[in-house]
Amino acid sequence: MKEGHEQRGRISPRRWGLLSLVSLTAVCATTPADLDDGLLERLPEADARILFVGNSLTYTNDLPLLVQTVAEAAGHTLAHATIARPNYSLEDHWNAGAREVILTTGADFVVMQQGPSSLPASQEYLRTWTERIAPVIREAGGRPALYMVWPDDTRLAFFDDVRESYQGAAVSVDGLFIPAGETWREAWDAGLTRPLYGPDGFHPSRLGSEVAALAIVRAVYGEPLTDLPARMMPTTAGLPTVDLGDDAALILEAVEAAWSATRD
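Treat the numbers as computed from the prediction; the structure is a model and nothing was measured.

### Description of the pairing of strand β3 (residues 48-54)
Part 1: Here β3 lies mainly inside the structure; seven of its seven residues are buried.
Part 2: The pairing of β3 with strand β4 (residues 78-84) spans seven bridges and is classified as parallel. Its bridge partner being in β4, F52 is matched across the sheet by T82.
Part 3: As judged from the four bridges shared by β3 and strand β5 (residues 109-112), these two strands associate in the parallel manner. Along β5, the bridge assignment pairs V53 with M112.

Printed below as a string of structure tokens:
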């Protein structure tokens, strides 16, 4: 079974994951054990401060770094931290100490993600743990945000179920719904032919992650991105370039279409 499919995502605590703290000026990569060492500090002041909580659909292609590049191209500053580990669900993150990370970083938005969560039991599971974590996010002064992902490429008929799952979880906590998966669909409907799925048919291609990054920036800052250039060069050293190529106008319009469609 591909990672993130309808399993709850529980793995042995002995497995290594990915934990990174990224500010406006530095990157510090650590392991889960370092959470007890006080290495995560309050995020510095910026136009937006984001804590990403997810699994490989968040850390593949360094999504948080792509988000920062897009934010800078849109004229904003961003400070962010990430706890993302293979196959982790929100429950796994909670049990691994996410509460302490949320309270320490003091993020404006905590962007949460697990698998597609399209089946009824998985939808309930996502909502239950979103509701469990949301009060801690509020206590820290932030807002919960649900990063809608996508089903694997053999289950495209379940896109609506994935959207309903993530949107329902966001509504249940008065959170921010980030329609990344819907942005993929809007891009396809507009004629995009370049692949958004990676070789395994589940994790995103580089372009798929760039589209997701655009959806996150659109949601967090609340501003249209249609005037962004096709090639986005970061102002902070060490960040990746985002290059949408000839499909830039189509993709940026898809971001706006998905955002507008899911506000109704």
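Let us keep going from here.
### Things to note about the pattern of salt bridges
Part 1: On inspection of all chains with the given rule, the structure shows 12 salt bridges.
Part 2: One salt bridge connects D108 with R49, and the closest N-O pair in it is separated by 3.2 Å. Note that D108 is positioned in the loop between α4 (98-105) and β5 and R49 in strand β3, a separation of 59 residues in sequence.
Part 3: For R194, the salt bridge is made with D247, and the minimal N-O distance between the two is 2.9 Å. Of this pair, R194 sits in the loop between α7 (180-189) and α8 (206-221) while D247 sits in the loop between β9 (242-243) and α9 (248-261), and the two are 53 residues apart along the sequence.
Part 4: Owing to a relative accessible area of 32%, R194 belongs among the partly exposed residues under this scheme.

### Concerning α9
In an α-helix, one full turn covers 3.6 residues, which means residues spaced three or four apart are oriented alike.
Part 1: Given a rise of 1.5 Å per residue, 14 residues ought to cover 20 Å, and the 20 Å separating the end C-alpha atoms of α9 matches this to within 8%.
Part 2: Turning to α9, its buried residues number three or more, namely A248, I251, L252, A254, V255, E256, A258 and W259.
Part 3: Structurally, α9 contributes buried residues whose contacts are with β7 (176-178), α7 and α8.

### Remarks on the packing of aromatic side chains
Part 1: This model, assessed by the stated rule, comprises seven aromatic pairs.
Part 2: Look at F159 and W188: their rings are 5.9 Å apart centre to centre, the planes differ by 90°, and that puts the pair in the edge-to-face class. Of this pair, F159 sits in helix α6 (residues 159-172) while W188 is found in helix α7, placing the two residues 29 residues apart along the sequence.
Part 3: Overall, F159 belongs to the buried group, its relative accessible area being 2%.
Part 4: Cation over ring: R155 sits above F158, and NZ or CZ is 4.0 Å from the ring centre.
Part 5: We note R263 situated over the ring of W259; from NZ or CZ to the ring centre the distance is 3.7 Å.

Analysis parameters
Residues numbered from 1 in each chain as written. Predicted model: local features only at pLDDT ≥ 70, side-chain atom pairs only at ≥ 80, totals over all residues. Heavy atoms only, no water. Buried < 20%, exposed > 50% of the residue type's maximum accessible area, 1.4 Å probe, protein only. Helix = DSSP H or I, 4+ residues; strand = E, 2+ residues; numbered from the N terminus. Pairing = 2+ DSSP bridges. Salt bridge = Lys/Arg side-chain N within 4 Å of Asp/Glu carboxyl O. Expected span 1.5 Å × (residues − 1). Contact = heavy atoms within 4.5 Å. Phe/Tyr/Trp six-rings, centres within 6.5 Å; stacked < 30°, edge-to-face > 60°. Lys NZ or Arg CZ within 6 Å of the ring centre and 35° of its normal.

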